[in-house]
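Given next are the chains, with one letter for each unit.
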Amino acid sequence: MGCSWSPLFIVFLRKNLLYLRCNIIPLSCILIGCGGLLWGYLHWTFQPARYQLEEFESKNELALKQLYFPANDEDYIYYAPKTQDVETLLDLVRQDLGIAQEHYRAYGNSEDMQMELELQCRGSCFAINFNNLPSPGSVGGNFSYSLSASHMRLSPKKRFVNDVEINHQKDDDDYIRAGFLTLQNILDKQYFKYQNLATNYEVWVSSMPNLEVVSMDSHRLIYFGTLCSIIFSVVLLSTFVVPFVEEKQNGLKEFLNLVTPMSFLNGLTFFLIRFVFYATFLLIVLILAYFYQALNQICFAYVAILYLLYILATMSYAYLISVCFHSVFYAKIGGLVLLIIPYVFSFVQSWASSVAYVMFSTNAFLEGLDVFQTFSNKHRQFAGAELFREIKYGSSRMFWIYCVLIFQSIMYAVLYNYLGCVFPGPGGLKRPFFFFLDPKTYQKRQRNEYTTAPRGAQAIIITELCKKFRTGNRETIISDNLNMTINNKEITVLLGHNGAGKTTMMNMIMGLVPKDSGKIIVCSERDVASYRHLIGFCPQHSVFMSYMTCHQHLEFFAQLRGASRREASEWADTKLIKLGLGGKRDEFGRNLSGGMKRRLSLGIAIAGNTKIVILDEPSSGLDINSRRDLWDILLLLRKEKAILVTTHYMEEAEVLGDTICILANGRLQCSGAPLELKRRSDIGYRLKLEVNDFTFRENEIMQLIHSYVPTARVLNVVKPTVYVCLPYAYKSTFHEMLHKLEMKATSLGISTISMTDTSLEDVFLKCAGEQDQVDTPDGSRTDAPLLSAPYKRLPSQHIAPSLWQLWLAVFYKKWTFLRNEWLYSLIMLSIPVVCDLGALFTMHAMSVVEYEESLPLKLSQMQSGIVYIHNPKLYYPDVEQQIRRQIELNGLMAKTMETRGNNDVKNESLDLQRENLADFLQNVVGIIDMDRSTEDSPALEIFFSGNRYHSSVDLLNLVDSSMLKLSRPESDIDTTYVPIRRFVSER
Ligand SMILES: Nc1ncnc2c1ncn2[C@@H]1O[C@H](COP(=O)(O)OP(=O)(O)OP(=O)(O)O)[C@@H](O)[C@H]1O
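Remember, it's a predicted structure, so these values are computed and weren't measured experimentally.

J.: What is the right way to read the overall build of the chain from this model?
T.: Along the chain, the regular secondary structure elements total 32 helices and 29 strands. Classification of the 987 residues of the chain by burial places 39% in the buried group. For the chain, contacts bridging at least 24 residues in sequence account for 76% of all contacts bridging at least 6.

What follows is the structure in structure tokens.
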């Protein structure tokens, strides 16, 4: 027996390649269809990147107030706490904003105010919570307040996002549009007045020219990847899950387990071939995507790695799916559902999506695409260092996404193996739940040297074997403390009526059906997993592969059992002729007739180097010649193997059987050589008479016979034939009796007289009984003890059924189905409930409201970047100096913007080469332009970059703080933004 894995790897590889070759046309159609779909998407969405320059108009205070702070009847400003200082400041603010007194509401504390804001406000409301308001003229102390707005749902986390918002959304500045900036500006400005400080400076808010890309492009990588993933899921289901489950359903998977302990190589090669296949396909598609510029500037290798890891993890997941189903029908439905589930999570933004990211490869893959898309939108190269960078707040690092996909591949593979052992499906060897804790699991199995055992040595020993089946309210006893042996180099024929339990017993030997108790020792081994591959098994139903020819079948199984390819091929050629399949050498399994399939199954059972052959009714469906050929083969095989055969042909049993075992009522009724059984049965000879009218002449005939053989008895009468049993004890009188019968034949109405020895059939009928084993229509045996209600007979007379009866019959059929297939019914009935609950959960998760911490408005949250200061006239150097200091304190760089030409800062940035402009804007937080200043008052124009979301707010805060510090060096303005709530889906 070959135990090295490499030759078997090649054998299984070849088997699985043959499957592909046989299914090449449908597979090609699927691939061409999918490839075409992806190519179509790339082609129609391909638009060479077009850049547009956009900029805001500059807005001064007045414009900010008029455009972005219109007060309607429903709009209110809440403030807390209600102190004298606050009221003083609020008076100034009121005057500045020009909003009527009744639109202000004061509260004692911020909690009450927030509650009111949430519950009462129907329009656009603001809440100002003064954390610290230094009294006018007091020394030092920060002016600290926080703002909330009822109508802004933007998350402060967005501020960390750096550049999650893509360029074309840059004008969607909620802070400005909602009036937040106006209120902040007015509060700061009035604070100067309140503190009697110099306030004659003006602020404009503007936006830098910005690049906008064509909007489709900003999601192209994600959409393309999602389409790839959906297509891949469908391909995976049809070309991976379904064929794999099909092998299980056909019994092939378990059959291969019987043949070789290395049958896992089947799954491995199945996996590898498909991995290469899918990987090649997706790489080709990715190359196509690269030429259609869908990857933008993302390095091809990083995207390819993401795709390859995704394929690996999803295939592993598909393996896991396949272990859950034993039928193709359920696998198609269940597989589809299980492959769709991850997409549902990708719409949900909650803790569930974080779990899904770790659990499902699709979610991890989509997360990876999102990271790439962000880079792509930034027009930036994805270098090695970016693998470890957090691209945006809350997103994973690319390296971790790779790791998660690898982890998932391993996790699914381990789970697949575990579930495959614990829930092996029909015919599989079930292991205990904690088998991995048992040290025996890791021990190497001993190989026995049984080959040298002499004839007559016991190959299979069955002791005290018990087995019962319980179906509905009946139980069927298959083995009742059964003891039996099968000898080496002998043929043992197992006889029994239909349903006697022959097949079940063979299945118990093979480990396909678990025994209740007792011992089965095969080749000195008790562990099924150690001996099952020593047996060549031909089950009652032919197992074959539709995509292999007869020759390939025999060659494949002979190779699995240790033969080299050449030996196997030669052996297959000779056996095909012997099996009568010489003319069908290159015919596919699916094209064979029933009898031919049976012969092929027989060939598979005897192929290769096994020690025992177990054949379950090998000759059923064979014609006379084939049956005789089969006998020749088995008699030849007997010289080297132990053979156990079941048959319903007594002639066959007589020819083949060295030992005949008759099974009935769960026990071995008798066993021995055919002749021995005949003698032991003591039935005697059988006299066959053909009589015209036996009923009329019975007494006369039997009187004559009894005068010679007193114990003779009528066996049966099938008119006009009568069988009479003549015991061996009166052998000496037979010739005289026959002579007398011959003489009186005419007067007794006898036309022919013949006599034969006891047949095996007689022995069988005597041992097994004639009726006791016959199955009842509901599949249980008549001898089986009745547990509850008796079997009800249907009325025999024919009455035309009414519509109501028909309806009842259909209802009964449906009800029986529901009862028998309760698990399936339960799953099917629960699907709508599960889907509804899933939809409710999704809807809930999409609208979940979360509270977030308040966020101080500080430029330091930008983490990096440059703020340019443009002050060509060099007015107010102390202001510029202070602003610079503040910028640097926030960890950003302050740079002087040099100008050319007409000193226009916007033109300056426009002067940049377009390809450099994107890079330039990436690093620029904003520009503070002092060019509008006059000798009387400083005027600052703040340009913020759309790439740096809301930098306008921070810049304004910075400018105000700088101005305050100039007058009161020890104080600062500390503004905090408190989001009222955040809808998770709007992350
Ligand atoms: N999985 C099962 N669950 C319940 N009953 C079963 C199961 N498998 C077999 N049986 C019952 O066990 C009995 C023996 O079946 P088995 O197939 O072993 O008979 P057999 O001797 O091989 O019959 P045949 O000669 O018709 O092939 C039958 O009554 C059958 O209905």
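Let us keep going from here.
J.: What am I meant to see in the domain arrangement of the chain here?
T.: One frequent convention defines the size of an interface as the accessible area lost when the parts assemble. For the chain, the domain assignment lists domain 1 (9-45 + 216-378), domain 2 (454-487 + 497-678) and domain 3 (684-757). The gap between the C-alpha centroids of domain 2 and domain 3 is 42 Å.

J.: I keep staring at the sheet that holds strand β7 (residues 202-207) and nothing clicks. Help me out?
T.: Strand pairing within a sheet occurs via backbone hydrogen bonds; the two strands may be parallel or antiparallel. Taken in spatial order, the six strands make up an open sheet running β2-β7-β27-β26-β24-β25, and their pairing is mixed. A single partner strand is all that each edge strand has here, and the edge strands are β2 (59-60) and β25 (893-896). Relative to strand β27 (residues 939-944), β7 is paired through six bridges, and the arrangement is parallel. In the strand pairing of β27, Val 205 is matched with Ile 942.

J.: I tried to follow the site of the ligand on my own but got confused; where do I start?
T.: Close to the ligand lie 16 residues; Phe 469, Asn 498, Lys 502, Thr 503 and Thr 504 are nearest. Of all the elements in the fold, those that place two or more residues in the shell around the ligand are β9 (458-471), β10 (474-487) and α16 (502-510). Of the residues forming the shell around the ligand, the biggest block, three residues, is contributed by α16. Here the residues of the shell around the ligand sort into three nonpolar, 10 polar and three charged.

J.: How do you make sense of the sheet that holds strand β20 (residues 721-726) when you look at a structure like this?
T.: Strand order across the open sheet formed by four strands is β19-β20-β18-β21, with antiparallel pairing between neighbours. The open sheet is flanked by β19 (713-718) and β21 (750-756), the only strands paired with a single partner. Pairs of neighbouring strands in the sheet enclose a mean axial angle of 20°, with direction left out of account. Pairing analysis gives six bridges linking strand β18 (residues 685-691) to β20, with the strands arranged antiparallel. In the strand pairing of β20, Leu 689 is matched with Val 722. Strands in contact with helix α25 (residues 734-748) are β20 and β21; relative to β21, the strand with the most contacts, it is inclined by about 160°.

J.: Teacher, can you tell me more about helix α14 (residues 361-377) here?
T.: Residue pairs spaced three or four apart in an α-helix point in one direction, given the helix's 3.6 residues per turn. Here α14 is 17 residues long and its end C-alpha atoms lie 24 Å apart, about the 24 Å a rise of 1.5 Å per residue gives. Most of α14 is tucked away: 17 of the 17 residues are buried.

J.: Quick question: what am I supposed to make of the UniProt feature "domain: ABC transporter" (unreviewed entry) in the chain here?
T.: As annotated in UniProt, the feature "domain: ABC transporter" (unreviewed entry) corresponds to residues 460-690 in the numbering used here. Each end of residues 460-690 is marked by a C-alpha atom, and these two atoms are 46 Å apart; helix forms 35% of the span and strand 30%.

J.: Looking at this structure, I do not really get the nonpolar core. What am I missing?
T.: Leu 495, Ile 509, Val 522, Ile 612, Ile 614 and Ile 662 are the most contacted members of the largest nonpolar core, which totals 86 residues. Those residues within four positions of Leu 495 in sequence are excluded, and the remaining contacts are Ala 653, Ile 660, Cys 661, Ile 662, Leu 663 and Phe 764. If you look at the next biggest cluster of nonpolar residues, it comprises 66 residues, including Phe 143, Leu 857, Val 879 and Ile 883.

J.: I would appreciate a short explanation of unusual backbone geometry in the present structure.
T.: Working note: non-glycine residues mostly have negative phi, and peptide bonds are mostly trans. Here the bond from Ala 80 into Pro 81 is cis, since omega is -5°, no more than 30 degrees from zero. Counting through the fold element by element, Pro 81 comes out in the loop between β3 (77-80) and α4 (84-97). With a phi angle near 45°, Glu 617 is a residue other than glycine that sits in the positive phi range.

J.: What am I meant to see in the pairing of β7 here?
T.: Taken residue by residue, a regular strand's side chains alternate between the two faces of the sheet. The pairing of β2 with β7 spans two bridges and is antiparallel. Among the inter-strand pairings, Asn 60 is bridged to a residue of β7, identified as Trp 204.

J.: Where do I start with the pairing of strand β17 (residues 667-672) in this structure?
T.: Pairing of strand β16 (residues 659-664) with β17 involves five bridges; the strand directions are antiparallel. Counterpart to Ala 664 in the pairing with β17 is Arg 667.

J.: Where do I start with the UniProt feature "transmembrane region" (unreviewed entry) in the chain in this structure?
T.: In the numbering adopted here, UniProt assigns the feature "transmembrane region" (unreviewed entry) to residues 18-42, 221-244, 264-292, 299-321 and 399-419. In the segment residues 264-292, helix accounts for 97% and strand for 0%; the C-alpha atoms at its two ends are 41 Å apart. Annotation note: span residues 399-419, helix share 100%, strand share 0%, distance between end C-alpha atoms 30 Å.

J.: Any chance you could explain the packing of helix α18 (residues 550-560) against helix α19 (residues 565-578) here in plain terms?
T.: Relative orientation and spacing of two packed helices are given, respectively, by the angle between their axes and the distance between those axes. Relative orientation of the contacting elements α18 and α19 amounts to 130°, with a least axis distance of 8 Å. Taken together, the axis directions place α18 and α19 in an arrangement best described as oblique. For the element pair α18 and α19, the recorded crossing hand is right-handed. Only Arg 565, Ala 568, Ser 569, Trp 571, Ala 572, Lys 575 and Leu 576 of α19 make contact with α18, whose side of the interface consists of Cys 550, His 551, Leu 554, Glu 555, Ala 558 and Gln 559.

J.: Explanation requested: helix α27 (residues 803-820) in the structure shown.
T.: Compared with the 26 Å implied by 1.5 Å per residue over 18 residues, the 26 Å span of α27 between its first and last C-alpha is a close match. Burial within α27 is sparse, with just zero of its 18 residues counted as buried.

J.: Mind showing me how you'd approach the confidence of the model for the chain here?
T.: Any residue range with low pLDDT should be treated as having predicted coordinates unsuitable for detailed reading. In this model, the chain carries a mean pLDDT of 82, and residues with pLDDT of at least 70 account for 85%. Mean pLDDT across the elements of the chain ranges from a minimum in helix α30 (residues 905-910), with 47, to a maximum in β3, with 93. Confidence over residues 164-168 falls short of pLDDT 50; this stretch has 16 contacts with residues more than four positions distant or in other chains. Taken as a whole, residues 771-789 scores under 50 in pLDDT and shows 38 contacts with residues more than four places along the chain or in a different chain. At the level of chain-chain contacts, confidence expressed as ipTM amounts to 0.97, with global pTM at 0.71.

J.: Got a minute to help me understand the environment of Leu 221 in this structure?
T.: For Leu 221, the position within the fold is in helix α8 (residues 220-249). Placed 156 residues apart in sequence, Leu 221 and Asn 377 show a C-alpha to C-alpha distance of 9.8 Å. Residues in contact with Leu 221, not counting those within four places in the same chain, are Ala 294, Leu 295, Leu 369, Phe 372, Gln 373 and Ser 376.

J.: Could you clarify how one ought to interpret the packing of helix α10 (residues 264-291) against helix α11 (residues 300-324) in this entry?
T.: It is the contact of α10 with α11, at a shortest axis distance of 10 Å, that shows an interaxial angle of 150°. Both α10 and α11 take part in a crossing whose hand is right-handed. When α10 is examined against α11, the residues Phe 271, Arg 274, Phe 275, Tyr 278, Ala 279, Leu 282, Leu 283, Leu 286 and Tyr 290 are found in contact with a partner set consisting of Phe 300, Val 303, Ala 304, Tyr 307, Leu 308, Ile 311, Leu 312 and Met 315. For the contact of α10 with α11, a count of residues per class yields 16 nonpolar, no polar and one charged.

Rules behind the numbers
Residues numbered from 1 in each chain as written. Predicted model: local features only at pLDDT ≥ 70, side-chain atom pairs only at ≥ 80, totals over all residues. Helix = DSSP H or I, 4+ residues; strand = E, 2+ residues; numbered from the N terminus. Buried ≥ 20, exposed ≤ 12 C-beta atoms within 10 Å, placed from the backbone. Contact = placed C-beta atoms within 7 Å. Domains from an automatic or database assignment. Pairing = 2+ DSSP bridges. Near = placed C-beta within 6 Å. Nonpolar A, V, L, I, M, F, W, Y, C, P; charged D, E, K, R; others polar. Axes fitted to C-alpha atoms, helices over the stretch in contact; angles between N-to-C directions. Expected span 1.5 Å × (residues − 1). UniProt positions renumbered as here; feature names shortened; annotations may be inferred. Core = buried A, V, L, I, M, F, W, Y, C linked by C-beta atoms within 7 Å. Parallel < 35°, antiparallel > 145°, perpendicular 65-115°, else oblique. Left-handed = near helix turned anticlockwise from the far one by under 90°. pLDDT = per-residue confidence, 0-100.

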